[in-house]
Amino acid sequence: MADDSASPSPSSASPLQHHREALKSSVRNTAASRRREQAIAIGKERREALIRAKRVCRASISGSDEAEMEEGDMVVDEEKACLEAKTAHAVEELKSALSIQGKGVQKKKIEALRDLRRLLSQPEVPLVDTAIKAGAVPLLVQYLSFGSSDEQLLEAAWCLTNIAAGEPEETKSLLPALPLLIAHLGEKSSTLVAEQCAWAIGNVAGEGAELRSTLLAQGALRPLTRLMFSSKGSTARTAAWAMSNLIKGPDPKAANELITIDGVLNAIIASLEKEDEELATEVAWVVVYLSALSDRGISLIVRSSVPQLLIGRLFSSENLQLLIPVLRGLGNLIAADDYMVDSVLTVGNNIIGLIKCLKSDNRVLRKESSWALSNIAAGSFEHKKLIFASEATPVLIRLVTSVQFDIRREAAYTLGNLCVVPTGNCELPKIIVEHLVAIVDGGALPGFIHLVRSADVDTAGLGLQFLELVMRGYPNKQGPKLVEMEDGIEAMERFQFHENEQMRNMANGLVDEYFGEDYGLDE
């Protein structure tokens, strides 16, 4: 990741330096660690985007007449005990069908599987635990054996998919089935069977790092990648979704392995070029994790057509589920590589897409667009002017004073970076007075003082850094008075005996320097 040098051209410093160092943060994180933290926390954003980490399969992926349950198959007002009894009976029928031979046995197997699948697919009463306790999983593993009909394999994998969508311990019960589910991803399997197995694996991977490690150790990554090349839209979508669950953080091993697989970048590009927004959404999440966890992935992605394709989606789509991963992926790339900023985002009016998201009512879009803009703002002086002269600045001022804490912090980083030109050494950054005055006069100062009062040390330090800029750089030495009028002295004095030495020294030093014995005597 590039250093946040604000010289006219981007620097080529170490990729582990943080764009935000322009503000001389007292508690610094590298950009790589920030991206990895985001990869861990992303599940929350996916829930907010109405994208589930695990998914129940209620309708057939084949599009056959099994797509919906026949009327009367499931009566919604049946009591739980009755449904549980039916589930236990269905498992017994599975066991019975395995023990008999002769004419009609295949039909009996399919009927037993279908009965259980329908019970596991209905939403009214969770029945996964009942099925597991009745012994369904080892039986379903037997139904997945090679040589079975595609219909049998599909029904068995469908049952396992919905068991995997259950509670954590229920998902873990599928460990014995994983080798066969992975095996059926292979080229010899029918597309429908492979897709359903990918869905089951995606649910397992969505449960946690331990199960992801197991899947990776058993070789799930490469066959899932192959499925991403499928010409069948639902198969490619399912494979990409499962892949994103499999490679997400915090361990970068899977992401690093994925980017080395021949053709994977071409598959990502081809998917983003299609009009299918659902496919683009799932593939964009793959880009999110690659850009969050793999430095090699970043290097290859930023020099491909992926950034332009993501920007195109940012401009053209109003689909929230697509915009969130597109914006997160772009934010990661911007934070990681100055080449990305120079060659893509500063061409023409490409930050318009970011401003659109910044003005959104959606919390995640506002946060992510602020994060992306903060890293552009930490770049060259031209980058700063581009943002400052845009509609982004008044929007950011409003955000830093009036919205949720996490968005305020991201907006504050952007505004702060707009005001400074790093010197490239240990000296304080030079102040862009025009930007500072406009941002303070626009009403941002109370928002930064509010950040000083934050219990989060990093955020409070950000607020203190901005107060230092105001007191040092506002014209006619009016900065201290402006800070005092907004109760900034009281906010800084709370750090007088703070346990964090850096914060204590920073705050006490500012109070002593600007509000010492001589304060006000020259007025």
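Here the structure is a predicted model, which means the values were calculated and not measured.

A. A look at the overall build of the chain. On a plain count of helices and strands, the chain comes out with 30 helices and two strands. Across the chain, contacts joining residues at least 24 apart in sequence account for 72% of those joining residues at least 6 apart. With an accessible surface of roughly 21,500 Å², the chain has 51% of that area assigned to carbon and sulfur atoms.

B. Representation of unusual backbone geometry. Even without a glycine there, the phi angle at Asn476 is positive, about 60°. Along the chain, Asn476 falls in the loop between α27 (457-473) and α28 (479-485). Here Asp487, not a glycine, exhibits a phi torsion of approximately 65°, which is positive. Here Asp487 shows up in the loop between α28 and α29 (488-493).

C. Local environment of the nonpolar core. Of all hydrophobic cores here, the largest spans 161 residues; its most connected members are Leu116, Leu140, Leu181 and Phe466. Examining the composition of this core, we find that twelve residues originate from one element, helix α15 (residues 277-293), more than from any other. Both of domain 1 (83-226) and domain 2 (390-522) provide at least three residues apiece to this core. Those residues in contact with Phe466, other than ones at most four positions away along the chain, are Gly416, Cys419, Leu436, Ile439, Val440, Leu445 and Phe448.

D. Molecular detail of the environment of Asp406. The residue Asp406 is located in helix α24 (residues 405-418) in this model. With relative accessibility at 15%, the residue Asp406 sits in the buried group. In this structure, the C-alpha to C-alpha distance between Asp406 and Lys367, residues 39 residues apart in sequence, is 7.0 Å. Among all residues touching Asp406, those that are not within four sequence positions of it are Arg363 and Lys367.

E. The arrangement of the side chain of Lys248 in detail. Position of Lys248 relative to the elements: it lies in the loop between α12 (233-247) and α13 (253-258). No salt bridge is formed by the buried Lys248, whose closest oppositely charged neighbour, Glu207, lies at an N-O distance of 9.3 Å.

F. View of the packing of helix α23 (residues 392-402) against α24. Two elements in contact, α23 and α24, have axes separated by 8 Å at closest approach and are oriented at 135°. Considered as vectors, α23 and α24 are oriented oblique to each other. At the point where α23 passes α24, the crossing takes the left-handed sense. Taking contact as the criterion, the partners of Thr393, Leu396, Ile397, Leu399, Val400, Thr401 and Ser402 in α23 are, on α24, Ile407, Arg408, Ala411, Ala412, Thr414, Leu415 and Leu418. In terms of residue class, the contact of α23 with α24 is built from nine nonpolar, four polar and one charged.

G. Representation of the packing of aromatic side chains. Taken as a whole and assessed by the stated rule, the structure comprises two aromatic pairs. One Lys or Arg, Arg117, reaches over the ring of Trp158 and ends 4.0 Å from the middle of that ring.

H. The packing of helix α6 (residues 150-164) against helix α9 (residues 191-205), seen in detail. In contact at an axis separation of 8 Å, α6 and α9 are set at 15° when each is read in the N-to-C sense. The angle between α6 and α9 places the two elements in the roughly parallel class. With respect to the hand of their crossing, α6 and α9 are arranged in left-handed fashion. When α6 is examined against α9, the residues Asp150, Leu153, Leu154, Ala157, Trp158, Leu160, Thr161 and Ala164 are found in contact with a partner set consisting of Leu192, Val193, Gln196, Cys197, Trp199, Ala200, Asn203 and Val204.

I. Quick look at the pattern of salt bridges. Per the stated rule, a full pass over the model turns up 18 salt bridges. Taking the shortest distance from any N to any O, the salt bridge between Glu278 and Arg237 comes out at 3.5 Å. Note that Glu278 is positioned in helix α15 and Arg237 in helix α12, a separation of 41 residues in sequence. On the basis of relative accessible area, Glu278 is assigned to the exposed category, the value being 52%. Arg237 sits in the partly exposed class, given a relative accessible area of 22%. Taken together, the salt bridges that share partners define one network made up of Arg114, Arg117, Glu151 and Glu155.

J. Highlighting helix α5 (residues 136-143). Here α5 lies mainly inside the structure; six of its eight residues are buried. The secondary structure elements touched by the buried residues of α5 are α2 (80-99), α3 (105-121), α4 (128-133), α6 and α8 (178-183).

K. Looking closely at helix α26 (residues 445-452). Across the eight residues that make up α26, a large majority, six, are buried. Here α26 has its buried residues at Leu445, Gly447, Phe448, Ile449, Leu451 and Val452. At its buried positions, α26 is contacted by α23, α24, α25 (433-441), α27, α28 and α29.

L. The arrangement of the environment of Val364 in detail. Along the chain, Val364 turns up in helix α21 (residues 363-377). Of the residues examined, Val364 reaches a relative accessible area of 3% and is grouped as buried.

M. The arrangement of the environment of Val306 in detail. Here Val306 shows up in helix α17 (residues 306-316). Look at Val306 and you get buried, because its relative accessible area is 0%. Sequence-wise, Val306 and Ile269 are 37 residues apart; in three dimensions their C-alpha atoms are separated by 6.0 Å. In contact with Val306, other than residues within four places in its own chain, are Leu265, Ile268, Ile269, Leu272, Val287 and Ile301.

N. Region of interest: the confidence of the model for the chain. In this model, the chain carries a mean pLDDT of 84, and residues with pLDDT of at least 70 account for 83%. Per-element confidence in the chain ranges from a low mean pLDDT of 46 for helix α1 (residues 31-48) to a high of 98 for α8. Note on residues 42-52: pLDDT under 50 across the span, and 24 contacts to partners over four residues away in sequence or across chains. Every residue in residues 62-76 scores below 50 in pLDDT, and together they form 20 contacts with partners more than four places removed in sequence or on other chains.

Cut-offs used in this document
- Residues numbered from 1 in each chain as written.
- Predicted model: local features only at pLDDT ≥ 70, side-chain atom pairs only at ≥ 80, totals over all residues.
- Heavy atoms only, no water.
- Helix = DSSP H or I, 4+ residues; strand = E, 2+ residues; numbered from the N terminus.
- Contact = heavy atoms within 4.5 Å.
- Areas by Shrake-Rupley, 256 points an atom, 1.4 Å probe, with all protein chains shown as cover.
- Core = buried A, V, L, I, M, F, W, Y, C linked by side-chain atoms within 4.5 Å.
- Buried < 20%, exposed > 50% of the residue type's maximum accessible area, 1.4 Å probe, protein only.
- Domains from an automatic or database assignment.
- Lys, Arg positive; Asp, Glu negative; His and termini not counted.
- Salt bridge = Lys/Arg side-chain N within 4 Å of Asp/Glu carboxyl O.
- Axes fitted to C-alpha atoms, helices over the stretch in contact; angles between N-to-C directions.
- Parallel < 35°, antiparallel > 145°, perpendicular 65-115°, else oblique.
- Left-handed = near helix turned anticlockwise from the far one by under 90°.
- Nonpolar A, V, L, I, M, F, W, Y, C, P; charged D, E, K, R; others polar.
- Phe/Tyr/Trp six-rings, centres within 6.5 Å; stacked < 30°, edge-to-face > 60°.
- Lys NZ or Arg CZ within 6 Å of the ring centre and 35° of its normal.
- pLDDT = per-residue confidence, 0-100.

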